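# Summary of structural features
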Amino acid sequence: MSVIRTEAPLDDETLVTRARAGDLEAYDLLVARHTASAYRTAVLLGAGSDSEDVIQEAFVKAYRKLSRYRGDASFRSWLLAIVANETRNLHRSRGRRDGLVLRAAAADPRSEIAEDDAVAAVLAGERRRSLVQALRQLPTRDREVIVCRFFLDLTEEETVSALGWPRGTVKSRTSRALAKLRGLLDSAEVRHG
């Protein structure tokens, strides 16, 4: 009887240690593991069609700054903080636009309706469009905290790391941003009957 051994996947901490020692394959594994969430973050924070450029720049900066990663937060939240900063840099270089692009909500294949009931699908699509429109109307910092907490499903601690804000600011801004979002959605509901 032969025993087949499979290697357990390496955790981020081990991969970071190896990458710091010059193991490019380890960094490639980190990139592969976190590309989807980095891309989703860039898109949801408004990078739109420039999202791939943003995450590429973020991964390059993360590699260069790997020696500064202290491990206080997860590698993922540290990386997403870099993605968020790169997205902010993109906005500054583009100049302020009227609203941010949130095409990911409509383009995300996981958000497609899998129901057979056409009426339910139409209503769900309308609710999603209303949500995206309401998100676009929020101030940038409110939008960032909503995206981190509810679209990316980051914990409060990961949101603190990703946005670089104090915990109290994340808590209070999340509460205020949700209230603003509810108000925008309620007024949209009233307008559309």
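What follows deals with the overall build of the protein. From N to C terminus, the protein includes nine helices and zero strands. Each helix and strand of the protein, placed in order from N terminus to C terminus, yields the pattern α-α-α-α-α-α-α-α-α. The proportion of buried residues among the 193 residues of the protein is 38%. A sequence separation of at least 24 residues applies to 64% of the contacts in the protein between residues at least 6 apart. Summed over all atoms, the accessible surface of the protein reaches about 11800 Å², with 51% contributed by carbon and sulfur.

Applying the stated criterion across every chain, the model contains nine salt bridges. The residue K61 makes a salt bridge to E86 at a minimum N-O spacing of 2.6 Å. Of this pair, K61 sits in helix α3 (residues 51–64) while E86 is found in helix α4 (residues 75–94), placing the two residues 25 residues apart along the sequence. By relative accessible area, E86 is classed as buried at 10%. A salt bridge links K180 to D142; the nearest nitrogen and oxygen atoms lie 2.6 Å apart. Separated by 38 residues along the polypeptide, K180 in helix α9 (residues 167–192) and D142 in helix α7 (residues 140–151) bring together distant segments of the chain.

Now for the packing of aromatic side chains. Following the criterion strictly, the structure yields four aromatic pairs and no others. Here F75 and W78 contribute two aromatic rings whose centre-to-centre distance is 5.7 Å and whose plane-to-plane angle is 45°, an arrangement assigned as tilted. You can see F75 and its partner W78 sitting in helix α4, three residues apart, about one turn around the helix. Taken individually, F75 and W78 each receive the classification buried, so the pair is uniform in this respect. R173 extends its terminal NZ or CZ atom over the ring of W165, reaching a point 5.4 Å from the ring centre.

It is worth spelling out α7 at this point. Those residues of α7 not exposed but buried are D142, R143, E144, V145, I146, V147 and C148. Phi turns positive, to about 60°, at D153, one or two residues after α7.

Moving on, we get to unusual backbone geometry. Leaving glycine aside, a negative phi is the common case for residues, and trans is the common case for peptide bonds. Of note in this structure, D153 is not a glycine but carries a positive phi near 60°. In this fold, D153 is placed in the loop between α7 and α8 (156–163).

Inspection of the secondary structure puts T41 in helix α2 (residues 24–44). Non-local contacts of T41, meaning those with residues more than four positions away in its chain, are made with L80, V83 and L152.

With 42 residues, the main nonpolar core has Y27, L66, F75, W78, V83, V145 and I146 as its most contacted residues. Those elements that provide at least two residues to this core are α1 (12–20), α2, α3, α4, α6 (118–137), α7, α8 and α9. No other element matches α4, which puts eight residues into this core. Not counting chain neighbours up to four residues away, the residues in contact with W78 comprise A62, K65, L66 and Y69.

The contact between α7 and α8 brings their axes to 9 Å, and the two run at 135°. Taken together, the axes of α7 and α8 are oblique relative to one another. Viewed along their axes, α7 and α8 form a crossing whose handedness is right-handed. Of α8, the residues touching α7 (which contributes E144, V145, C148 and R149) are E156, T159 and L163. Its residues assigned to classes, the contact of α7 with α8 comprises three nonpolar, one polar and three charged.

Criteria and thresholds
- Residues numbered from 1 in each chain as written.
- Predicted model: local features only at pLDDT ≥ 70, side-chain atom pairs only at ≥ 80, totals over all residues.
- Heavy atoms only, no water.
- Helix = DSSP H or I, 4+ residues; strand = E, 2+ residues; numbered from the N terminus.
- Buried < 20%, exposed > 50% of the residue type's maximum accessible area, 1.4 Å probe, protein only.
- Contact = heavy atoms within 4.5 Å.
- Areas by Shrake-Rupley, 256 points an atom, 1.4 Å probe, with all protein chains shown as cover.
- Salt bridge = Lys/Arg side-chain N within 4 Å of Asp/Glu carboxyl O.
- Phe/Tyr/Trp six-rings, centres within 6.5 Å; stacked < 30°, edge-to-face > 60°.
- Lys NZ or Arg CZ within 6 Å of the ring centre and 35° of its normal.
- Core = buried A, V, L, I, M, F, W, Y, C linked by side-chain atoms within 4.5 Å.
- Axes fitted to C-alpha atoms, helices over the stretch in contact; angles between N-to-C directions.
- Parallel < 35°, antiparallel > 145°, perpendicular 65-115°, else oblique.
- Left-handed = near helix turned anticlockwise from the far one by under 90°.
- Nonpolar A, V, L, I, M, F, W, Y, C, P; charged D, E, K, R; others polar.

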